[in-house]
Amino acid sequence: IESEINNTQSINHPYQFLLFPNPAQLEVTCNLWLKNAGPWTATLSNAQGRLLQNWSEQQFPGLQAQWLIQNLQPGIYFLNITGDGFLQTEKLIVQP
């Protein structure tokens, strides 16, 4: 996973989260911006609920990460993002 921390964009909600492209084959980009810098956690699970990966940060205002997903089997995965005042789950479809 290659990632780069970027400045927080001007947003009105406590957070903004984007996952694209979706469906994906080789790589997916995850953008997370927090209105107020704080701790957040992300987990990737398969459709059976098995935890595959876990990330957390303490005080970053945002993240832009490009994930190489070619080692994931085709199927459905769930990316959960949690932090102070927010919880979001995004379905990720990995295509062959």
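Each remark here, short or long, concerns the structure printed above.
Figured I'd write up the structure that's included with this text.

## Focus on unusual backbone geometry
Backbone phi values are negative for most residues with the exception of glycine, while trans is the configuration of most peptide bonds. Going from F20 to P21, the amide bond is cis rather than trans, its omega being -15°. Within the secondary structure, P21 sits in the loop between β2 (15-20) and β3 (27-34). Of the consecutive residues N22 and P23, the connecting peptide bond is found in the cis state with omega at 10°. Residue position: P23 is located in the loop between β2 and β3.

## Let's talk about the nonpolar core
With 21 residues, the main nonpolar core has F17, L19, V28, W40, W67, L79 and I81 as its most contacted residues. Among the elements of the structure, β2, β3, β4 (40-46), β6 (62-68), β7 (75-83) and β8 (86-94) are those that each provide at least two residues to this core. Broken down by element, the residue count for this core peaks at four residues, all from β3. Not counting residues within four places of it along the chain, the set of residues in contact with I81 comprises F17, L32, T41, A42, F86, L87 and Q88.

## Focus: the sheet that holds strand β5 (residues 51-57)
With antiparallel pairing, four strands are arranged side by side in an open sheet as β5-β4-β7-β8. Both edges of this open sheet fall to β5 and β8, since each of them pairs with a single strand only. Averaged over all pairs of adjacent strands, the angle between strand axes in this sheet comes to 15°, irrespective of strand direction. Of the strand pairs in this sheet, β4 and β7 are connected by seven bridges, and their pairing is antiparallel. Bridging across to β7, L44 finds its partner in L79.

What counts and how
Residues numbered from 1 in each chain as written. Predicted model: local features only at pLDDT ≥ 70, side-chain atom pairs only at ≥ 80, totals over all residues. Heavy atoms only, no water. Helix = DSSP H or I, 4+ residues; strand = E, 2+ residues; numbered from the N terminus. Core = buried A, V, L, I, M, F, W, Y, C linked by side-chain atoms within 4.5 Å. Buried < 20%, exposed > 50% of the residue type's maximum accessible area, 1.4 Å probe, protein only. Contact = heavy atoms within 4.5 Å. Pairing = 2+ DSSP bridges. Axes fitted to C-alpha atoms, helices over the stretch in contact; angles between N-to-C directions.

Shape descriptors only; they carry no functional weight alone.
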